[in-house]
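Residue-level structure breakdown
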Amino acid sequence: MSSGSSATDGVAVLAISKASTSRVNALAAAVRLHLKESILSALEDPSINAIILVGNPGGTGMFSAGADIKEFSAPTDGSGGVTTAQNGVPTLNDLGHMIEGSSKPIIAALSGVALGGGMELALASHYRVADRTLRYG
């Protein structure tokens, strides 16, 4: 398991943010790569039966407010832009397909906000649970 992730009783808890330093858990290239690697690791681990996606370690705070707007004007030729799948960094669409096609159930534990790309990840998950703080769109 990578940092920001834990496993207990066959359930992997994967945090979108490795630390609670991002206020909105923007889905920047580094975050998408972290999610891809964490999900693949959990899928390959025979002791893991299910995966829970949370916003921050501990499951508190924002789920994700979506795409990193700093990447909107970035180059898309593989040098850090939004479409960097060719460098191993998945697009948001790639992550959605990975989650939807998972052989293990993936649950999105939603709190704070789930907007744009964050909501797309939640909808790609097999199940969604939310606390009373959730605002989505």
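Report follows, based on the coordinates.

Definitions and limits used
Residues numbered from 1 in each chain as written. Predicted model: local features only at pLDDT ≥ 70, side-chain atom pairs only at ≥ 80, totals over all residues. Heavy atoms only, no water. Helix = DSSP H or I, 4+ residues; strand = E, 2+ residues; numbered from the N terminus. Buried < 20%, exposed > 50% of the residue type's maximum accessible area, 1.4 Å probe, protein only. Contact = heavy atoms within 4.5 Å. Areas by Shrake-Rupley, 256 points an atom, 1.4 Å probe, with all protein chains shown as cover. Core = buried A, V, L, I, M, F, W, Y, C linked by side-chain atoms within 4.5 Å. Expected span 1.5 Å × (residues − 1). Axes fitted to C-alpha atoms, helices over the stretch in contact; angles between N-to-C directions. Parallel < 35°, antiparallel > 145°, perpendicular 65-115°, else oblique. Left-handed = near helix turned anticlockwise from the far one by under 90°. Nonpolar A, V, L, I, M, F, W, Y, C, P; charged D, E, K, R; others polar. Arc of directions from axis to C-beta. Pairing = 2+ DSSP bridges.

1. Remarks on the overall build of the chain
Summing up its helical and strand segments, the chain has three helices and seven strands in all. Buried residues in the chain amount to 44% of all 137 residues. Of the contacts formed within the chain by residues at least 6 apart in sequence, a portion of 62% connects residues at least 24 apart. Carbon and sulfur atoms provide 56% of the accessible area of the chain, an area that totals close to 7,000 Å².

2. Section: the nonpolar core
Core analysis: the largest hydrophobic core is formed by 25 residues, its most contacted members being Leu35, Phe63 and Leu121. Elements with a contribution of two residues or more to this core: β2 (11-15), α1 (29-44), β3 (50-54), α2 (92-100), β4 (106-110) and α3 (117-124). In this structure leucine 35 touches Ala15, Ile16, Leu27, Leu53, Leu95 and Leu121, once residues within four positions along its chain are discounted.

3. Side note on α1
With 16 residues, α1 extends 23 Å between its outermost C-alpha atoms, agreeing within 8% with the 22 Å of an ideal straight helix rising 1.5 Å per residue. All of the buried residues in α1 are Ala29, Val31, Arg32, His34, Leu35, Ser38, Ile39 and Ala42.

4. What about the packing of α2 against α3?
The contact between α2 and α3 brings their axes to 8 Å, and the two run at 20 degrees. Considered as vectors, α2 and α3 are oriented roughly parallel to each other. Note that α2 runs across α3; the crossing there is right-handed. Each of Leu92, Leu95, Gly96, Ile99 and Glu100 in α2 lies in contact with α3, whose residues at this interface are Gly117, Glu120, Leu121 and Ala124. Residue composition of the contact of α2 with α3, by class: five nonpolar, two polar and two charged.

5. So, α2
Among the residues making up α2, those that are buried are Leu92, Leu95, Gly96, Met98 and Ile99. Around the axis of α2, the buried residues are gathered within 160 degrees of arc, so they sit on the same side. Here the buried face of α2 lies against α1, β3, β4 and α3.

6. Remarks on the environment of isoleucine 99
Looking at where isoleucine 99 falls in the secondary structure, it is placed in helix α2. Given a relative accessible area of 1%, isoleucine 99 falls into the buried group. Along the primary structure isoleucine 99 and lysine 36 are separated by 63 residues, whereas in three dimensions their C-alpha atoms are 9.4 Å apart. Isoleucine 99 has contacts with Ile39, Leu53, Ile106, Leu121, Ala124, Ser125 and His126, leaving out every residue within four places of it along the chain.

7. Comments concerning the environment of threonine 8
Residue placement: threonine 8 occurs in strand β1 (residues 5-8). When the C-alpha atoms of threonine 8 and serine 47 are compared, they prove to be 9.6 Å apart, with 39 residues separating the residues in sequence.

8. A look at the pairing of β4
Most of β4 sits inside the fold, with four of its five residues counted as buried. Examined bridge by bridge, β3 and β4 share three bridges and lie parallel to one another. What sits directly across from isoleucine 52, in β4, is isoleucine 107. Where β4 lies against strand β6 (residues 127-130), four bridges are found, and the strand directions are parallel. Within β6, the position partnered with leucine 110 by the bridge is alanine 130.

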